[in-house]
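# Geometric and topological summary
What follows is the residue order along each chain.
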Amino acid sequence: MNGTFFIVMGPTGSGKSTLMKHVIAQFPDVLVPPSFTTRDRRPSEIENSHYTFVDKNTFTAMVEKGEFLEWAEFSGNFYGTLKETVIVPLAEGKVLFTEMEVQGVRQARALLPAEQVKVVFIDAGPWEELEARIRARAPITDEEIAKRKQRYEDEMTYKDEADIVISNHSGEIETAKETFANLIRDAIHAS
Ligand code: 5GP
């Protein structure tokens, strides 16, 4: 039984969610363990969100009971993945994937068999490309842009921790989808 847990990380706006949605649609048997978060639900997340939204007290109680495989604070909110939604399916040989920021990636790596964890970093290219995409998506203040840039610079430093880097510069989304799908296909064949 060779289960694989793909963990996707990459800067905000790198196209992580687009790639995830593509793979979920293409491989219905791949499991996506839900993430718990204390952040507010966005209008686009009314249905089919991979998040379970909880308040801070509930989240803290779950941390104290040791229910999380990993959890982290990001931008003032908590995010975490349950042990039970990863450890058992992985041991049974399933293919799973989710997205996480770097602190969670490190905790998951520390707890799970090394050969069953594949960290995929989505490289969105230079800041100028990302900035253009962010500005095209919605109006944004200069202050917010400066914060995003700082975060982008931090997030790019974690690229070296990944097992696989998928390039998703502007104009590369179709190739990136294909590369990602091939990874999943190979893992399914090996399972
Ligand atoms: P957002 O609030 O924009 O959906 O996500 C913010 C950050 O939290 C992203 O970097 C995302 O990958 C990360 N994230 C989402 N779910 C989890 C999780 O279950 N655990 C951890 N550690 N990070 C998560």
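Everything below is about the structure printed above this text.
This text gives an overview of the structure that appears in the document.

### A closer look at the sheet that holds strand S7 (residues 117-123)
The strands that make up a sheet are held in pairs by hydrogen bonds between backbone atoms, and each pair lies either parallel or antiparallel. Here 4 strands make up an open sheet; going across it, the order is S6-S1-S7-S8 and the pairing parallel. Two strands in the sheet have a free side with no partner beyond their single neighbour: strand S6 (95-99) and strand S8 (164-167). Strand-to-strand, the axes of this sheet are offset by a mean angle of 25°, without reference to chain direction. Contacts from helix H4 (residues 102-111) reach strand S1 (4-9) and S7 within the one sheet, and its direction differs from that of S1 by about 160°.

### Brief notes about the pattern of salt bridges
Taken as a whole and assessed by the stated rule, the structure comprises 12 salt bridges. Close ionic contact of Glu 45 with Arg 39 constitutes a salt bridge, the shortest N to O distance being 2.9 Å. You'll find Glu 45 and Arg 39 in the same group, each marked buried. Three or more residues joined by partner-sharing salt bridges are found here, namely Glu 131, Arg 135 and Asp 142.

### Describing unusual backbone geometry
At Ser 75, a position not held by glycine, the phi torsion is positive, near 55°. By the element assignment, Ser 75 lies in the loop between strand S4 (68-74) and strand S5 (77-82). Given a relative accessible area of 51%, Ser 75 falls into the exposed group.

### Side note on the site of the ligand
In the vicinity of the ligand lie 15 residues, with Arg 39, Tyr 51, Tyr 79, Glu 99 and Glu 101 positioned nearest. At a separation of 3.3 Å, an oxygen atom of the ligand approaches a polar side-chain atom of Lys 16. Within the side chain of Glu 101, an N or O atom sits 2.6 Å from a nitrogen atom of the ligand. When atom positions are compared with the pocket grids, the ligand is found to occupy the largest pocket. Across the shell around the ligand, the residue classes tally to 5 nonpolar, 4 polar and 6 charged.

What counts and how
- Residues numbered from 1 in each chain as written.
- Predicted model: local features only at pLDDT ≥ 70, side-chain atom pairs only at ≥ 80, totals over all residues.
- Heavy atoms only, no water.
- Pairing = 2+ DSSP bridges.
- Helix = DSSP H or I, 4+ residues; strand = E, 2+ residues; numbered from the N terminus.
- Axes fitted to C-alpha atoms, helices over the stretch in contact; angles between N-to-C directions.
- Contact = heavy atoms within 4.5 Å.
- Salt bridge = Lys/Arg side-chain N within 4 Å of Asp/Glu carboxyl O.
- Buried < 20%, exposed > 50% of the residue type's maximum accessible area, 1.4 Å probe, protein only.
- Near = heavy atom within 4 Å.
- Polar contact = N/O pair within 3.5 Å; in protein donor to acceptor, adjacent residues only side chain to side chain.
- 1 Å grid on protein atoms, 1.4 Å probe; cavity = no way out; pocket = protein on both sides within 12 Å on 5 of 7 lines; lining within 4 Å.
- Sits in = over half its atoms within 2 Å of the grid points.
- Nonpolar A, V, L, I, M, F, W, Y, C, P; charged D, E, K, R; others polar.

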